[in-house]
Amino acid sequence: MADWNAEQYLKFEDERTRPARDLLAQIPLDDPRRVTDLGCGPGNSTELLVKRWPQARVTGVDTSADMLRQARERLPGHNFIEANIAHWAPPVGTDVVFANAVLQWVPNHLKHMQRLVGALEPGGVLAVQMPDNLDEPTHIMMREVAFQEPWRHQLAEAAQLRDALPKPGAYYDALRPLCSRLEIWHTVYNHLLDDPIAIVEWVKGTGLRPFIDPLELPERKAYLAAYTARIAAAYPPQADGKVLLRFPRLFIVAIK
Ligand SMILES: C[S@@+](CC[C@H](N)C(=O)[O-])C[C@H]1O[C@@H](n2cnc3c(N)ncnc32)[C@H](O)[C@@H]1O
């Protein structure tokens, strides 16, 4: 898959950062020393951590060169490293691992969450938010269009890339034995966007990438036209002409 595009991702920065703010508000630590932002992206979530705990050593971790370049520009003087979460371990003394909107991309993430909690200091926190939206029209339709000709062979892999999240009970059973406290909840956002095109632009920055990245320009245009027509039908305008993008998200705060 092509690299992430920070500019596309940041088109909806305010809306995308809101779950990170909501997650951060549930971390009951006043004075952590070492904090890591896993899948830090362009540094929007890292900035929240730096502002909340200015005395802490905050590090951002990401696989994307473009995202890391933006993050370094945004927060000069902070530490950003290129690493894959699947092979990354928290340094000794880590009090907070924050992972907003990233672990859904990491295969077997439940196993990695157990490993991350295990490596925290006592009282340390793993805070995770993941989109739980594979059954929303945005994602059903990207798969439906991908299963049609002429894309079905080229996009067969993309449709398999993200598995549905395990049920909350699976996280509970896996993490509870490692934690002194464990909070799990869902929040459904209704993001107000200008029109169906804005919904397509939103998912182009994230979930739609594996579907359009493999296509050459003319095919990509045709795929996007077919997808946009379905999105327009699934997200009708409100009384003021805007559309509501329903977006369920799963939150987990695990305190060791
Ligand atoms: C949806 S963005 C989240 C950005 C930011 N944390 C936020 O709250 O808006 C997901 C980020 O995770 C990164 N990412 C995806 N898989 C990763 C992995 N296995 N290891 C590290 N970073 C990863 C991507 O490069 C991207 O920057």
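Criteria and cut-off values
Residues numbered from 1 in each chain as written. Predicted model: local features only at pLDDT ≥ 70, side-chain atom pairs only at ≥ 80, totals over all residues. Heavy atoms only, no water. UniProt positions renumbered as here; feature names shortened; annotations may be inferred. Buried < 20%, exposed > 50% of the residue type's maximum accessible area, 1.4 Å probe, protein only. Helix = DSSP H or I, 4+ residues; strand = E, 2+ residues; numbered from the N terminus. Arc of directions from axis to C-beta. Contact = heavy atoms within 4.5 Å. Core = buried A, V, L, I, M, F, W, Y, C linked by side-chain atoms within 4.5 Å. Pairing = 2+ DSSP bridges. Axes fitted to C-alpha atoms, helices over the stretch in contact; angles between N-to-C directions. Parallel < 35°, antiparallel > 145°, perpendicular 65-115°, else oblique. Left-handed = near helix turned anticlockwise from the far one by under 90°. Nonpolar A, V, L, I, M, F, W, Y, C, P; charged D, E, K, R; others polar.

The name an unreviewed UniProt entry assigns to the chain is Trans-aconitate 2-methyltransferase, from the organism Rhodopseudomonas rhenobacensis. If you open the UniProt record of the chain and go to Catalytic activity (unreviewed entry), you find "trans-aconitate + S-adenosyl-L-methionine = (E)-3-(methoxycarbonyl)pent-2-enedioate + S-adenosyl-L-homocysteine". Annotation of the chain in UniProt includes, under Function (unreviewed entry), the sentence "Catalyzes the S-adenosylmethionine monomethyl esterification of trans-aconitate."

This next bit is on helix 7 (residues 168–175). Where helix 7 is concerned, the buried positions are Tyr171, Ala174 and Leu175. Buried positions in helix 7, seen along its axis, are confined to an arc of 85° and lie on one side of it. Looking at the buried positions of helix 7, the neighbouring elements they touch are helix 5 (109–119), strand 5 (125–131), strand 6 (181–193) and strand 7 (243–255).

Judged by nonpolar contacts, the single largest core of 52 residues is most densely connected at Ile27, Phe98, Leu208, Tyr223 and Tyr227. Per-element accounting of this core gives the leading share, 6 residues, to strand 7.

Pairing within the open sheet is mixed, and its 7 strands lie in the order 3-2-1-4-5-7-6. Here the strands that pair on one side only, and so sit at the sheet edges, are strand 3 (79–82) and strand 6. The mean inter-strand angle of the sheet, taken between neighbouring strand axes irrespective of direction, is 20°. In the packing of helix 5 onto the sheet, the strands contacted are strand 1 (34–38), strand 4 (94–100), strand 5 and strand 7, and the crossing angle to strand 5 comes to about 160°.

Moving on: the packing of helix 2 (residues 13–24) against helix 3 (residues 44–52). For any two helices packed against each other, the geometry comes down to the angle between their axes and how far apart the axes lie. Between helix 2 and helix 3, the shortest axis-to-axis distance is 9 Å and the interhelical angle comes to 40°. Relative to helix 3, helix 2 is oriented oblique. Between helix 2 and helix 3 lies a crossing of right-handed hand. For the pair helix 2 and helix 3, the contacting residues are Glu13, Thr17, Ala20, Arg21 and Leu24 in the first and Asn44, Ser45, Leu48, Leu49 and Arg52 in the second. Its residues assigned to classes, the contact of helix 2 with helix 3 shows 4 nonpolar, 3 polar and 3 charged.

In this structure's numbering, the residues bearing the UniProt feature "domain: Methyltransferase" (unreviewed entry) are residues 35–124. The span residues 35–124 is 33% helical and 23% strand by assignment, and the distance between its end C-alpha atoms comes to 10 Å.

Moving on, we come to the environment of arginine 57. Here arginine 57 shows up in strand 2 (residues 57–62). Its relative accessible area of 49% is what places arginine 57 among the partly exposed residues. Contact partners of arginine 57, with chain neighbours within four places excluded, come to Arg33, Arg34 and Val35.

So, about the packing of helix 5 against helix 7. Running from N to C, helix 5 and helix 7 point in directions that differ by 35°, and their axes come no closer than 10 Å. Considering only the axes of helix 5 and helix 7, their crossing is right-handed. Between helix 5 and helix 7, the residues in contact are His109, Leu110, Met113, Gln114 and Val117 and Ala170, Tyr171, Ala174 and Leu175, respectively. Of the residues in the contact of helix 5 with helix 7, the class split is 7 nonpolar, 2 polar and no charged.

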